[in-house]
Amino acid sequence: MTKTLLEKLTNAPGISGHEKVVREMILGEIKPYINSYEVDNMGNLITIKNGNGGPRIMLAAHMDEIGLIVRYIDDDGFIYFNAIGGWFDQTLLNQRMTIHTTKGMRYGIIGSKPPHVMSRADYDKVIKKEDMFIDVGANSREDVKKMGIEIGTQIVPDATFFTLNGDKVAGKALDNRAGCTMLINVLKNLKDQKATVYAVFTTQEEVGLKGATTSAYKINPDFAVATDVTICGDHPGISMKDANVSMGKGVVATVSDASGRGIIVPEVILDKIRTTAEEYDIAVQYEAGDGGTTDGSAIHLVREGIPTGVLSVPTRYIHTPYSVIDMNDLYSSINLVTKMIEKW
């Protein structure tokens with residue numbers, strides 16, 4: 001069941017450079033549906049589903065999520081951290097975190113000064129993440145080390161998956177476990193397709209599109225599609241002119257992102273998306289983004305250039321402890337990618 005799979009993947013920890021747990025979950029899901037796989041030097045999971053004389057198609061979804069790592073432990077056992085990926089600092093304060101140590105998982109809280117003793121200047125001050133700390137209940141640096149926590153230990157929000165109203169769900173790491181769920185389902189759906197499909201679950205997207213760069217070079221596909229999530233303009237604090245897509249209205253096809261500094265999707269790919277969506281009556285929204293980019297921006301520049309598209313699930317509150325999607329958009333995304341591959 002797609003929703004159950006998404007829940008399992010989003011609840012798993014896996015910041016950039018620490019994707020092993022997620023990778024093993026994915027491999028367990030897809031082994032019966034692929035012909036071969038390998039884990040490369042970057043930790044990418046590269047899978048192959050053989051075709052019959054068609055083009056070589058690369059599908060990409062990044063496994064990593066944004067998170068934190070331990071930077072410093074003070075004498076009293078308080079933990080200071082670095083951000084991995086793009087955080088808005090205010091969303092971190094007073095969150096419960098899970099710390100994934102060599103001795104298992106531990107809880108911690110990002111602490112703050114009580115309002116009772118705040119001055120007016122304190123109330124108005126924005127606390128920067130480099131000044132925040134995590135309390136794990138330790139009394140000393142040695143206590144922290146005995147818990148298995150050390151410099152570089154992975155930290156993620158304690159934000160478990162749940163259902164809101166109807167088909168809307170919330171959780172951490174929907175960016176981009178939604179894309180991973182999409183690819184897993186596509187691999188399960190495909191049967192007797194002509195194209196040989198290289199479904200790649202990439203690493204370190206959130207810190208520089210790294211896994212996509214190396215895996216695309218290795219595969220050198222004829223075409224590629226990156227799957228991800230994208231920003232909605234349908235909630236307070238943002239407008240449709242800033243992000244002209246809405247949750248619940250279908251998969252999002254990128255025309256360009258980062259004002260063209262990322263990817264400008266070639267017409268051959270956009271035509272494939274349009275004609276497939278029209279033939280199978282799949283709702284598609286189109287976006288020309290100003291900020292943010294995806295694995296597609298790295299893939300399309302590899303070797304002589306690879307015609308690449310980007311298909312995303314519209315998502316509220318990206319890069320915070322909780323994001324929200326409509327499952328129907330994810331189902332539409334799975335359907336569109338499946339049909340595109342079948343017709344390639």
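These notes cover the structure that comes with them. What you are looking at is a predicted structure, and each value in this text was computed from that prediction instead of being measured. (Residues numbered from 1 in each chain as written. Predicted model: local features only at pLDDT ≥ 70, side-chain atom pairs only at ≥ 80, totals over all residues. Heavy atoms only, no water.)

1. A few points about the pattern of salt bridges
Here is step 1: What the rule picks out here adds up to 15 salt bridges.
Here is step 2: For Arg-177, the salt bridge goes to Glu-65, with nearest N and O atoms at 3.0 Å. One end of the pair, Arg-177, is in helix H5 (residues 174-189); the other, Glu-65, is in the loop between strand E3 (56-62) and strand E4 (67-73), with 112 residues separating them in the sequence.
Here is step 3: Judged by relative accessible area, Arg-177 falls into the buried class, the value being 0%.
Here is step 4: Accessibility expressed as a relative area gives 2% for Glu-65, which makes it buried. (Salt bridge = Lys/Arg side-chain N within 4 Å of Asp/Glu carboxyl O. Helix = DSSP H or I, 4+ residues; strand = E, 2+ residues; numbered from the N terminus. Buried < 20%, exposed > 50% of the residue type's maximum accessible area, 1.4 Å probe, protein only.)

2. Re the sheet that holds strand E11 (residues 168-171)
Strand pairs in the sheet, formed through backbone hydrogen bonds, run parallel or antiparallel to each other.
Here is step 1: Read from one edge of the open sheet, three strands run E10-E11-E17, paired in antiparallel fashion. Here the strands that pair on one side only, and so sit at the sheet edges, are strand E10 (162-163) and strand E17 (323-326).
Here is step 2: Looking at chain direction, E10 and E11 are connected through two bridges and run antiparallel. Its bridge partner being in E11, Thr-163 is matched across the sheet by Val-169.
Here is step 3: Contacts between helix H9 (residues 327-343) and the sheet are confined to E11 and E17, with E17 contributing the most and set at about 60 degrees to the helix. (Pairing = 2+ DSSP bridges. Contact = heavy atoms within 4.5 Å. Axes fitted to C-alpha atoms, helices over the stretch in contact; angles between N-to-C directions.)

3. Section: the packing of aromatic side chains
Here is step 1: Throughout the structure, instances matching the rule amount to four aromatic pairs.
Here is step 2: Centroid distance Phe-162 to Tyr-322: 5.5 Å. Interplanar angle 70 degrees. Geometry classified as edge-to-face. Highlighted residues: Phe-162 in strand E10 and Tyr-322 in the loop between strand E16 (308-315) and E17, separated in sequence by 160 residues.
Here is step 3: The ring of Tyr-217 carries the charged tip of Arg-303 above its face, separated from the ring centre by 3.9 Å. (Phe/Tyr/Trp six-rings, centres within 6.5 Å; stacked < 30°, edge-to-face > 60°. Lys NZ or Arg CZ within 6 Å of the ring centre and 35° of its normal.)

4. As for the pairing of E4
Here is step 1: In terms of residue burial, E4 counts as a mostly covered element, since five of its seven residues are buried.
Here is step 2: Between E4 and strand E5 (residues 79-84), which pair antiparallel and follow one another directly, the connecting turn spans five residues, one of which, Gly-77, has a positive phi of 90 degrees.

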